[in-house]
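Observations on the model geometry
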Amino acid sequence: MNTESVSVEKPFDFQVFYQERERALGGVMAKMKRFMGRYVEQRLAELGFLNFKASYIGFLSNLEQDGITNNELARRAGVTKQAMSKIVKLLEDDGYIYIVKCERDSRSSQIFINERGKQLLAAVFNCMEELKDKFSTIAGRDRVEQMLDTMVLLVREIEKDTGVIPLPGFPCGSNFSH
């Protein structure tokens, strides 16, 4: 263990710390996630989607029209199969999805989104558009689109590094260039 003392040439500057703290990536992302989650959950409750957690959106958004297995859904969402099974059970109990046993392999099931789940996805999409409009009013549409393009670029590159394959068919914003 290194017991050498670290020499500090300048005293700690709280003013710089306070200025940078407001721009700390983790803090800003966490605040935005909390804000968006509360907004979406409140709006969905107003629309009759009670007890729906914003954290479920990532799971629903990975469903396929022709069905998907729990294992594939877990892989896409980046969670364990056990965690996905728990969420799938909650979504099924709340009437957003249904499960059909595979005829070829009785150990496997296909998960499908039902009509209520489609209504929920449409409501979530509308909520996200409302948020995008709100952000555009504050920062301007071009800045919001640029922020989204940058975030998509970062996520895609991180997914490449971590081995998570991004879903095809999710184009970046119109301003995206790489």
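As shown above, the structure is provided for reference.
Figured I'd write up the structure that's included with this text.

With 28 residues, the main nonpolar core has Leu44, Phe52, Leu60, Leu63, Leu91, Ile97 and Leu120 as its most contacted residues. Elements that contribute at least two residues to this core include exactly helix H2 (25-46), helix H3 (57-60), helix H4 (70-77), helix H5 (81-93), strand S2 (109-113) and helix H6 (115-139).

By the definition in use, this model includes nine salt bridges. Across the pair glutamate 46 and arginine 43 runs a salt bridge, and its minimum N-O distance is 2.7 Å. With a gap of three residues between them, glutamate 46 and arginine 43 both fall in helix H2, about one helical turn apart. Among the residues examined, arginine 43 registers a relative accessible area of 22% and is labelled partly exposed. Its salt-bridge partner being aspartate 133, residue arginine 141 comes within 2.7 Å of it at the nearest N-O pair. Owing to a relative accessible area of 37%, aspartate 133 belongs among the partly exposed residues under this scheme. Sharing partners across several salt bridges, the network here consists of Glu64, Glu72, Arg75 and Arg76.

On to unusual backbone geometry, then. Phi is positive for asparagine 51, which is not a glycine, with a value near 60°. Residue classification places asparagine 51 among the exposed residues on the basis of a relative accessible area of 62%.

Helical geometry: 3.6 residues make up each α-helical turn, so side chains three or four residues apart lie on a common side. With 13 residues, H5 extends 18 Å from end C-alpha to end C-alpha; this agrees with the ideal 18 Å at 1.5 Å per step. Among the residues of H5, Met84, Ile87, Val88 and Leu91 are the ones counted as buried. Down the axis of H5, the buried set is contained in an arc of 105°. They therefore lie on one face. For H5, the exposed residues set more than 90 degrees away from the buried face come down to Gln82, Lys86 and Asp93. Trailing H5 by a residue or two, glycine 95 shows a phi angle of about 85°, which is positive.

Along its 22 residues, H2 runs 32 Å from first to last C-alpha, staying within 8% of the 32 Å computed at 1.5 Å per residue. Within the sequence span of H2, burial applies to Gly37, Val40 and Leu44. Relative to the axis of H2, the buried residues are bounded by an arc of 75° and lie together on one face. Looking at H2, the residues exposed on the side facing more than 90 degrees away from the buried face are Lys31, Arg38 and Gln42. The secondary structure elements touched by the buried residues of H2 are H3 and H6.

What counts, and where the lines are drawn
- Residues numbered from 1 in each chain as written.
- Predicted model: local features only at pLDDT ≥ 70, side-chain atom pairs only at ≥ 80, totals over all residues.
- Heavy atoms only, no water.
- Core = buried A, V, L, I, M, F, W, Y, C linked by side-chain atoms within 4.5 Å.
- Buried < 20%, exposed > 50% of the residue type's maximum accessible area, 1.4 Å probe, protein only.
- Helix = DSSP H or I, 4+ residues; strand = E, 2+ residues; numbered from the N terminus.
- Salt bridge = Lys/Arg side-chain N within 4 Å of Asp/Glu carboxyl O.
- Expected span 1.5 Å × (residues − 1).
- Arc of directions from axis to C-beta.
- Contact = heavy atoms within 4.5 Å.

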